[in-house]
Amino acid sequence: MFDCRRTREFIDLYLDNELESVPTKHVAEHLEQCAECRREFELMRSQNQLLADSIKNQKYDIRKLAADIEAATVGKAAIRLPELSRPRIPMWVLALGCILIVAVSALFYLPGKMSLAKAHPLYQAVAADDRACFADYAASDWIRSQPAINELATLFLNRKQSIPSSFDGEYKLVRARICSFDGVKFLHIIYETAGGRHASLFIGHSGASLPRGERSKSANGRSLQLAHVSGLAVFCAEDDIRLLFAAAPDDDAAQAALLAALNS
Amino acid sequence: MALFNRMSRRQREEFKSQALVHVAALMCSALRLCGSRESAEDAVQETYLQAWKYWKTFKPGTSCRAWLFRILFNVIKKKHGAQTKQVPIEDIAIDNIIRFIPETQHDVYEVLEAFERLSEEHREVLLLVAVEEMTYKEAAFSLGVPVGTVMSRLNRARIQLRRWLGRTEHKSLADAAGKGQ
């Protein structure tokens, strides 16, 4: 058991419950027996209690302050999105609409890449003839000499015009013959490169207007139509009363060459 | 800016349940330290804005109340300075408490007057330990001092308080009650 001096040393800690169990026991035993120390302890405890009560019991309405603080912290950080009203259109209708939009878009966009839609019959005829004639290179009706080709071309060109013997530097005129699309005669001229690439030019008289392709293109002030048929790019242009077609494999280099040929 | 910190829903809930519940305790102490209601409100609001800003740095499992008091004391020191203004008597809900120390018959006003005469660091330590009933360790964290300093300040504060109250003549119950009216 502690004496008075020792008890007073620990009395603060005892009051604040900060003492270990053994010293607590000693202080408690002393306070039970010593009236003077007990009076001192009771005085401290009352003083403590009164101080705590007077400070804690304020006539202050904390609710507004607490609400302001909450609004300025967690309330402000929480971004509340406006609640969307439930859509009146059923979800399956919206889904079907989306599918339709995608499908229709595909019909307009994909033909150029996948040839899903059929091109104008003239483009198809040009593409088919290009392939057939290229494969049929040994046929006897091909005219292969430049002068003979020029003579044949007079049937389709005016006097001032002539057939280019080459274009784009590497495409050389190799042969020509007359073919017919839908009753209209065309002069089919084939150019080839040393690397085996080829391109065709078709020159014909036609009363029909420029057949509509997949998209329009403008080159040197001339309006062109472009269609993709079976892996071929087919250009079409009008020149006075003539209709000009050019066909080549569907790649950028060949297309550029064809445009050069049409404009030459 | 702190207010626009992106906090997760969980962090907001934690702040609400752990920090916002101490507004009243902080306000009571701020009223004793700032001297006016307006300054106390400003200090508490600023404390919470700081706490919100640095909420991610608060260590879960430690005392949020002690952490908030630490911020509060810093805010008061920085912005408001130590005040020794008399506590407005009308602010105390006198009807809710025992008005006298039974052993000495000192009334609540005398005790508060004596409290106001204490130095700022003595008032702080009494607020934390005697009023908020914090452990010495929590109080040490709030004040940013060692536990030993808390003990010595507390001891000196209580001795000072008793000395001043001891010099005051004991009042009769009727006189003291009349003061509160």
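Here is a short report on the structure shown in this document. Quantities reported herein were computed from a predicted structural model and do not represent experimental measurements. (Residues numbered from 1 in each chain as written. Chains lettered and ligands numbered in written order. Predicted model: local features only at pLDDT ≥ 70, side-chain atom pairs only at ≥ 80, totals over all residues. Heavy atoms only, no water.)

A word on the nonpolar core
Of all hydrophobic cores here, the largest spans 77 residues; its most connected members are Phe15, Val44, Tyr48, Leu126 and Val150 of chain B. The element that contributes the greatest number of residues to this core is helix α4 (residues 64–80) of chain B, accounting for 10 residues. Phenylalanine 15 of chain B has contacts with Thr73 and Val74 of chain A together with Leu20, Tyr48, Ala51, Trp52 and Trp55 of chain B, leaving out every residue within four places of it along the chain. Counting residues in each nonpolar core, the second largest holds 25 residues, with Leu187, Ala199, Ala219 and Leu226 of chain A among its members. (Core = buried A, V, L, I, M, F, W, Y, C linked by side-chain atoms within 4.5 Å. Buried < 20%, exposed > 50% of the residue type's maximum accessible area, 1.4 Å probe, protein only. Helix = DSSP H or I, 4+ residues; strand = E, 2+ residues; numbered from the N terminus. Contact = heavy atoms within 4.5 Å.)

Focus on the side chain of serine 29 of chain B
All names here are of chain B. Within the fold, serine 29 resides in helix α2 (residues 23–34). Owing to a relative accessible area of 0%, serine 29 belongs among the buried residues under this scheme. Dropping the residues within four chain positions of it, serine 29 is found in contact with Phe69, Leu72, Leu127 and Glu132.

Considering the pairing of strand β3 (residues 184–192) of chain A
A regular strand places its side chains on the two faces of the sheet in alternate fashion. All names here are of chain A. Pairing of strand β2 (residues 171–181) with β3, which is carried by nine bridges, proceeds in the antiparallel orientation. Note that in β3 the partner of alanine 176 across the bridge is isoleucine 189. Counted between consecutive antiparallel strands, the loop separating β2 from β3 contains two residues, among which aspartate 182 sits at a positive phi close to 55°. Relative to strand β4 (residues 198–205), β3 runs antiparallel, the two sharing seven bridges. Pairing of glutamate 192 across the sheet is with histidine 198, part of β4. Two successive antiparallel strands, β3 and β4, enclose a turn made up of five residues, where glycine 196 displays a positive phi of approximately 95°. (Pairing = 2+ DSSP bridges.)

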